[in-house]
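Residue strings, one per chain:
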Amino acid sequence: MEFLDKFPDLGRTTLRDIKKSIDFAFREFSNKYGEAIEGFFDPLLYFMVWFEKLLTNAPWPLMILIFAALAWLGARSLPIVIGTIVSFVAIGVFGMWEDTMATVAIISVATFVCIGLGIPLGILMSRSNRLQAIVTPVLDVMQTIPSFVYLIPVVMLLGIGKVPGLIAVCIYAVPPIVRLTNLGIRLVDKEVLEAADAFGSSYRQKLLDVQIPLALPNIFAGVNQTIMMALAMVVIASMIGVKGLGVPVLRAVSNQYLALGLMNGLAIVALAVIFDRVSQQYGKRLQKHRQGGHGV
Amino acid sequence: MVSDIKVSIKNLYKIFGPNGKDMVQKVEDGASKSSLQAEHGHVLGLNNVNIDIPARRIQVIMGLSGSGKSTLIRHLNRLIEPTSGEILVDGEDVLAMSDAELRDFRRNKMSMVFQKFALLPHRTVIDNVGYGLQIKGTDKAEMNERSQKWIDRVGLSGFEDNYPAQLSGGMQQRVGLARALATDAEILLMDEAFSALDPLIRNDMQDILLDLQEELHKTIIFITHDLDEALNIGDNIVILRDGAVIQQGSPQEIVLNPADDYVRDFIKDINRARVLDVSSVMDAGSTDSGLDLAHDVILELAMPEMIKADVTQANVTRDGAVIGVVTLAAMIGGITRPVTKDEDQVTYR
């Protein structure tokens, strides 16, 4: 009963040939176009380098002031502002200022890239059921495939550095904003859309006056999720040469430095909490008009 | 009462389902709503609807839920595409319009009030009222000025900067009404506009609408399932059942001559004395009782007059001239509730 004992697989030679030919084809592709693709991303790289330098070279009191101001603008909550200041001071005191600034830089850029790609894609998805049927499984794969797996082709193509790191972060972080933009627009009240049609809205007017504003709470939940997931990728991104808080964590793992790992890990947590609270509060403020009550 | 036709609906069919067009012939050959659904899996929305809607009057379209009235009103501005038929507005075929023409038509000619208000929750009252104007591209200053005028007109002065969620249902629908009026469209579609409001507020809104209509003379097409509402505001009433027109006419005609048991059952519980006027129960001739009643006095007011004057007959006059005679007995006959044949067996779905 050999047939039942061992799965009748393709056989070692065939399998090796298949893998070899795929590897070979991709390597060929990489050799041929790698440089061109890298060149395409050059402006992005320059921008990222410039932005990181801007954050790390700026005087620290100024940066803390800017963070506090942003927290105030977003959340309008004194406790959150104070928490922000305390966190950044503590990060500085424990010697993690530069790494933290580098992390903030890549998270910011990743978030903007994700918003820039994710919201338009989500809008397109909400318009077409067919596109939704195609994109949804792709997003599922992007969220579940182990990140190391897609690091391989990215590194083969672009080497190690900031741009491949950014791409890795975005692959992981973009799905929620796409999903929630799509969902938010699809959930917009049918009667309000009917009203927009009945008054003669063009498609553009309907999108800008009705669909996006009414979907905004969901879109904003997507932005919040995207930021959180980008932060979760900081350590993995540091494996392919992204500077920031991930680098010391990685070093701590390989050398069993408990304190170093803990400190940098907590710094990531602090960033996550600040980003989360500020963006959530901002999202809530966007919906102020939804509060009922007839009190005038 | 002769007036020009504003909207004309001709041989309109709507059949929901993948092969709606093929089903029209079956319906014309006499297939019923239920057989169409059971045998072909198609839903009959509208069945050969023909209505001429006069200009500057309130045309009520009424029926129970599922009778196709909301479907019908959405055909007028093509929120729903018909399966076959014609819709003419001022002689122009709405169904032949291109997308751009249709947008233009919706922006300028026909506006709509919705059952659940359908306001933009993220905009203040004044920006909601100005919504139709904004779509037309009116500049901000003029938009606000005109919106303010309509806000004042519907009695919402002082609430300009509130959000819809801060207003009661009745106030929200006033915003909806002001929004529809602000575009200066000649035709106003009202889809169960007051049905979501409680009865007192509903009466208020009906009065507001009648007040406005006295001044504006719009062509109003009003959908409702509430007969009292229909009789109160309608100049003409169309009754729909299973997507087909059962009866059309003035409120008086419908109350006096219901077309079938369905209509008879509808009007069974209404206050007939408030709908019928003396001319609807008068006979030819005249009397010397000494009491004159204008032809459009409703029976509810006319009967106490006769009791007070202690007469049983009165002259009916129009513009001062006697046009007939009315007796107390005829009035009582008029308000007697009609008997439905086989009352228990009448079922509606």
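None of the values given here were measured: they were computed from a predicted structure. (Residues numbered from 1 in each chain as written. Chains lettered and ligands numbered in written order. Predicted model: local features only at pLDDT ≥ 70, side-chain atom pairs only at ≥ 80, totals over all residues. Heavy atoms only, no water.)

A. Structural view of the overall build of chain B. When helices and strands are counted, chain B shows 15 helices and 13 strands. A principal-axis box enclosing the C-alpha atoms of chain B has dimensions of 65 × 55 × 35 Å. Scored against the burial criterion, the 349 residues of chain B give a buried share of 50%. For chain B, the share of sequence-separated contacts (at least 6 apart) that also reach a separation of at least 24 residues comes to 67%. (Helix = DSSP H or I, 4+ residues; strand = E, 2+ residues; numbered from the N terminus. Buried < 20%, exposed > 50% of the residue type's maximum accessible area, 1.4 Å probe, protein only. Contact = heavy atoms within 4.5 Å.)

B. Just the domain arrangement of chain B, in detail. All names here are of chain B. As far as domains go, chain B holds domain 1 (5-109 + 185-270) and domain 2 (273-335). Each of domain 1 and domain 2 has a C-alpha centre, and the two are 34 Å apart. Contacts between domain 1 and domain 2 engage 6 residues on the former and 4 residues on the latter. Taking both sides of the interface into account, the surface hidden between domain 1 and domain 2 amounts to around 450 Å²; carbon and sulfur atoms contribute 71%. The three residues of domain 1 that bury the most area against domain 2 are Gln252, Val255 and Leu256, which together make up 83% of that side's buried surface. (Domains from an automatic or database assignment. Buried area = accessible area lost by both parts, 1.4 Å probe.)

C. View of the environment of B:Thr336. Residue and element names in this part refer to chain B. Position of Thr336 among the secondary structure elements: in the segment after helix H15 (328-335). Residues Thr336 and Lys268 lie 68 residues apart in sequence; the distance between their C-alpha atoms is 9.7 Å. Looking at Thr336, its side chain comes within polar contact range of the main-chain oxygen of Ile332, at 2.7 Å. (Polar contact = N/O pair within 3.5 Å; in protein donor to acceptor, adjacent residues only side chain to side chain.)

D. Examining the interface of chain B and chain A more closely. Chain B puts 33 residues into the contact, and the matching count from chain A is 23 residues. Across the interface of chain B and chain A, roughly 2300 Å² is buried in total on both sides, 60% from carbon and sulfur atoms. Our enumeration of links across chain B and chain A arrives at 2 salt bridges. We note a salt bridge from B:Arg74 to A:Glu194, for which the minimum N-O separation is 2.6 Å. Along the contact surface separating chain B from chain A lie 9 residue pairs in polar contact (both at pLDDT 80 or more). Elements that contribute at least two residues to the side of chain B that touches chain A include exactly helix H4 (99-108), strand S6 (110-113), helix H6 (131-136) and helix H8 (169-182) of chain B. For the side of chain B that touches chain A, the per-class residue count stands at 16 nonpolar, 10 polar and 7 charged. (Salt bridge = Lys/Arg side-chain N within 4 Å of Asp/Glu carboxyl O. Nonpolar A, V, L, I, M, F, W, Y, C, P; charged D, E, K, R; others polar.)

E. Quick peek at the state of the cysteines. Residue and element names in this part refer to chain A. One pass over the structure, following the stated rule, counts 0 disulfides over all chains. Cys170 supplies the cysteine sulfur nearest to Cys114, a cysteine that is in no disulfide, at a spacing of 3.7 Å. Since its relative accessible area comes to 11%, Cys170 is described here as buried. (Disulfide = S-S within 2.5 Å.)

F. Geometry of the packing of helix H3 (residues 60-75) of chain A against helix H5 (residues 97-127) of chain A. All names here are of chain A. Close contact between H3 and H5 brings their axes to 13 Å; oriented N to C, the two are set at 45 degrees. As far as their axial angle goes, H5 and H3 are oblique. Both H3 and H5 take part in a crossing whose hand is left-handed. For the pair H3 and H5, contact is made by Trp60, Met63, Ile64 and Phe67 and by Trp97, Met101 and Val104, respectively. Residue classes in the contact of H3 with H5 are distributed as 7 nonpolar, no polar and no charged. (Axes fitted to C-alpha atoms, helices over the stretch in contact; angles between N-to-C directions. Parallel < 35°, antiparallel > 145°, perpendicular 65-115°, else oblique. Left-handed = near helix turned anticlockwise from the far one by under 90°.)

G. Structural context of the packing of aromatic side chains. All chains considered together, the criterion is met by 11 aromatic pairs over all chains. Between A:Phe199 and B:Tyr131 the ring centres are 6.2 Å apart and the planes differ by 70 degrees, which places this aromatic pair in the edge-to-face class. Residue A:Phe199 is located in the loop between helix H9 (190-198) and helix H10 (203-232), and its partner B:Tyr131 is located in helix H6; the two belong to separate chains. For B:Tyr131, a relative accessible area of 1% corresponds to the buried category. (Phe/Tyr/Trp six-rings, centres within 6.5 Å; stacked < 30°, edge-to-face > 60°.)

H. Region of the structure containing the nonpolar core. B:Leu177, B:Met190 and B:Met331 are the most contacted members of the largest nonpolar core, which totals 102 residues. If you tally residues by element for this core, the top one is H8(B), at 6 residues. When residues of this core are assigned to domains, at least three fall in each of domain 1 (5-109 + 185-270) and domain 2 (273-335) of chain B. Look past the residues within four positions of B:Met331 in its chain and what remains in contact with it is B:Val278, B:Val281, B:Leu293, B:Leu299, B:Ala302, B:Met303, B:Met306 and B:Val326. Counting residues in hydrophobic clusters, the runner-up holds 63 residues, among them A:Met48, A:Leu55, A:Ile107 and A:Cys114. (Core = buried A, V, L, I, M, F, W, Y, C linked by side-chain atoms within 4.5 Å.)

I. Region of the structure containing the pattern of salt bridges. Across all of its chains, the model carries 24 salt bridges over all chains by this definition. In this structure, A:Asp276 engages A:Arg277 in a salt bridge whose closest nitrogen and oxygen atoms are separated by 2.5 Å. Judged by relative accessible area, A:Asp276 falls into the buried class, the value being 10%. For A:Arg277, a relative accessible area of 40% puts it in the partly exposed group. In this structure, B:Asp265 and B:Lys268 form a salt bridge, with 3.1 Å as the shortest nitrogen-oxygen distance.

J. Fine view of the side chain of A:Asn182. All names here are of chain A. Position of Asn182 among the secondary structure elements: in helix H8 (residues 162-186). By relative accessible area, Asn182 is classed as buried at 6%. Polar contacts involving the side chain of Asn182 include one to the side chain of Gln132, which spans 2.8 Å.

K. Fine view of unusual backbone geometry. All names here are of chain B. Backbone geometry places Asn48, a non-glycine residue, at a positive phi of 50 degrees. Its place among the elements puts Asn48 in strand S2 (residues 43-54). Of note in this structure, Asp90 is not a glycine but carries a positive phi near 50 degrees. Within the secondary structure, Asp90 sits in the loop between strand S4 (84-89) and strand S5 (92-93). Overall, Asp90 belongs to the partly exposed group, its relative accessible area being 39%.

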